[in-house]
Structure formats: C-alpha cells, structure tokens
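Spelled out from the first residue to the last, the chains are:
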Amino acid sequence: MSDNYPPGAAHDPRAPYNEPRPVETDVVAKEWLVKETYLTDIPRDLDEREMREAFVDQWRTPKQIIDTCMKICLQLLAEHRTFFAGVNIRDLILDCEGWEYDEFSVERI
C-alpha cells in the first residue's frame, strides 16, 4: 500500500504536512475612544448630573451617534441600497452592533 510520502518522510516532524496545526483561540478586543467637548454658557452652580444633562441637550453621545448611524443604514437597506458612498451597508450595520457604555464623564474645568 502506498502512502504517497517521499521515502523516510512519513514521520519526519520537519515535513510541512507533519507540523503541528496552530491552536485556534477566542480573542476579545475592547476599543476606547476619547473626545473632549467644551460646553459654553453653562451656569457655574450645576452639579455633575445637571452638567451631564446640559451636555446631552447640546451634543449626541458616541452611543447616540452609533445608534443614529444604524438607523440610517437600516433605512437605506429598506430602500434596497446595499452600498452608499462606497460603503457596504450590511458591514456597517455589523460594525454598529454591540456597542455599550463603559464610562462617560462630565467635569468642571
């Protein structure tokens, strides 16, 4: 019976077909983005909760931006648009999924 290996190579650990297979592993990636936004015309006597509310009234949070992007992508798909501005809409939807807040702060400077 022929095993189709060159002579003496069937059990040679240096042969490419005898090298150990790489072990697959799960990897988790965490991403952090930082953006400083300076609020103007905010009364000095606000506590932290009130400062947070003032920020949310004037700006979208990163999570709100991602959620808005998702809403736009879903509307484009509903209109049978799978690409927009050279971007694959389905891929962008996948990128928008799974984000959650880890930390958000508003500080007096």
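This text goes with the structure placed above it.
Residues numbered from 1 in each chain as written. Predicted model: local features only at pLDDT ≥ 70, side-chain atom pairs only at ≥ 80, totals over all residues. Heavy atoms only, no water.

(A) The arrangement of the overall build of the protein in detail. Regarding its fold elements, the protein presents 3 helices and 2 strands. Each helix and strand of the protein, placed in order from N terminus to C terminus, yields the pattern α-α-β-β-α. Its C-alpha radius of gyration of 27 Å places the protein more than 25% over the 13 Å reference for a compact globule of 109 residues. In terms of principal-axis extent, the alpha carbons of the protein reach across some 90 × 40 × 20 Å. Counting across all 109 residues of the protein, residues that qualify as buried make up 14%. Pairs at least 24 residues apart make up 39% of the contacts formed inside the protein by residues separated by at least 6 positions. Looking at the protein as shown, the accessible area adds up to about 10,200 Å², and 54% of this sits on carbon and sulfur atoms. (Helix = DSSP H or I, 4+ residues; strand = E, 2+ residues; numbered from the N terminus. Rg over C-alpha atoms; globule rule 2.2 N^0.38 Å. Buried < 20%, exposed > 50% of the residue type's maximum accessible area, 1.4 Å probe, protein only. Contact = heavy atoms within 4.5 Å. Areas by Shrake-Rupley, 256 points an atom, 1.4 Å probe, with all protein chains shown as cover.)

(B) Quick look at the nonpolar core. Ile66, Met70, Cys73, Leu76, Ile89, Ile93 and Cys96 form the largest nonpolar core, which has 7 residues in total. No other element matches helix H2 (residues 62-78), which puts 4 residues into this core. Not counting residues up to four positions away in its chain, the partners in contact with Ile66 are Cys96 and Trp99. (Core = buried A, V, L, I, M, F, W, Y, C linked by side-chain atoms within 4.5 Å.)

(C) Summary view of a negative patch on the surface. On the surface, Glu36, Asp47, Glu48, Glu100, Asp102, Glu103 and Glu107 cluster together to form a negatively charged patch. Secondary-structure assignment places Asp102 in the segment after helix H3 (89-96). The exposed category is assigned to Asp102, whose relative accessible area is 65%. (Patch = residues over 30% accessible without salt bridge, like charges linked within 9 Å, V, L, I, M, F, W, Y side chains within 5 Å. Salt bridge = Lys/Arg side-chain N within 4 Å of Asp/Glu carboxyl O. Lys, Arg positive; Asp, Glu negative; His and termini not counted. Charge placed at Lys NZ, Arg CZ, Asp CG, Glu CD.)

(D) Geometry of the environment of Pro20. With respect to the helices and strands, Pro20 occurs in the segment before helix H1 (48-58). C-alpha of Pro20 to C-alpha of Asp67: the two residues are 47 residues apart in sequence and 44 Å apart in space.

(E) Representation of the state of the cysteines. Considering all chains together, one arrives at 0 disulfides under this definition. Cys73 takes part in no disulfide bond, and the closest cysteine sulfur, belonging to Cys69, lies 4.2 Å away. Judged by its relative accessible area of 3%, Cys73 falls in the buried class. With no disulfide of its own, Cys96 lies 3.7 Å from the sulfur of Cys69, the closest cysteine sulfur. Overall, Cys96 belongs to the buried group, its relative accessible area being 10%. (Disulfide = S-S within 2.5 Å.)

(F) Representation of the pattern of salt bridges within the structure. Tallied over the full model, the rule gives 2 salt bridges. Here Glu53 ties to Arg49 by a salt bridge, and the two come within 2.7 Å at their closest N and O atoms. With a gap of 4 residues between them, Glu53 and Arg49 both fall in helix H1, about one helical turn apart. What makes Glu53 partly exposed here is its relative accessible area of 41%. Among the ionic pairs, Lys63 bridges to Asp67, the shortest N-O distance being 2.8 Å. With Lys63 and Asp67 both in helix H2, this residue pair falls 4 residues apart, about one helical turn.

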